[in-house]
Amino acid sequence: MLRYLNQSSRGRSAWLLLALTAFALELVALWFQHVMLLKPCVLCIYERCALFGVMGAGIVGAIAPKSPLRYVALLIWLYSAFRGLQLAWEHTMIQLHPSPFMTCDFMARFPTWLPLDKWLPQVFVASGDCSVRQWEFLSLEMPQWLVGIFAAYLIVAVLVVIAQPLKPKRRDLFGR
């Protein structure tokens, strides 16, 4: 399996699949916000940013999968999946164990050099409360689903990193 992951990380299709899954999740988030009229909280916005990071890793990896740029994409992927998992876990804990002492911010804080909430307010402006449960599917809230999604992204990313030193199998006509 590790050799397969190594081989896949050297091709564009796996990286594009990574970017496509994150893009699909971003579209779902926008559907919830603009069609179902659910209000995203600050942690929801930060989780979106982590998904954009995973999508960006897929795009960077697809640009030159056989070059050292692949390692940059792996780092972006690992960091984004890890931070997304942290954020989704924090969000889940706020929803499962509401407390007046554990709340989220009123608005997202982006660096001055990257004011996403000013550039694209339809996507990056928070208007909801982190402790409010707005949506449920199969008895799991949205942040609980994101814990599973980011955990899956992180596990696959770690396996791909572990597989990097392996040499891909050479296949010739006689199977040597």
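Here, the structure is the one placed above.
Because the structure is predicted, anything quoted here is derived from the model rather than measured.

Focus on the packing of helix α3 (residues 42-63) against helix α7 (residues 142-163)
Where α3 contacts α7, the axes come no closer than 12 Å and their chain directions differ by 25°. Comparing the axis directions of α3 and α7 gives the class roughly parallel. The hand of the α3/α7 crossing is left-handed. For the pair α3 and α7, the contacting residues are Glu47, Ala50, Leu51 and Val54 in the first and Leu146, Phe150 and Tyr153 in the second. Its residues placed into classes, the contact of α3 with α7 shows six nonpolar, no polar and one charged.

Quick word on the environment of Gly56
Residue position: Gly56 is located in helix α3. What makes Gly56 partly exposed here is its relative accessible area of 23%. The spacing of Gly56 and Trp77 is 21 residues in sequence and 8.1 Å in space, taken between C-alpha atoms.

Notes on the state of the cysteines
Across all of its chains, the model carries zero disulfides by this definition. Considering cysteine sulfurs only, Cys41 is the nearest to Cys44, which forms no disulfide, with 3.3 Å between them. We classify Cys44 as buried; its relative accessible area is 17%.

Calculation rules
- Residues numbered from 1 in each chain as written.
- Predicted model: local features only at pLDDT ≥ 70, side-chain atom pairs only at ≥ 80, totals over all residues.
- Heavy atoms only, no water.
- Axes fitted to C-alpha atoms, helices over the stretch in contact; angles between N-to-C directions.
- Helix = DSSP H or I, 4+ residues; strand = E, 2+ residues; numbered from the N terminus.
- Parallel < 35°, antiparallel > 145°, perpendicular 65-115°, else oblique.
- Left-handed = near helix turned anticlockwise from the far one by under 90°.
- Contact = heavy atoms within 4.5 Å.
- Nonpolar A, V, L, I, M, F, W, Y, C, P; charged D, E, K, R; others polar.
- Buried < 20%, exposed > 50% of the residue type's maximum accessible area, 1.4 Å probe, protein only.
- Disulfide = S-S within 2.5 Å.

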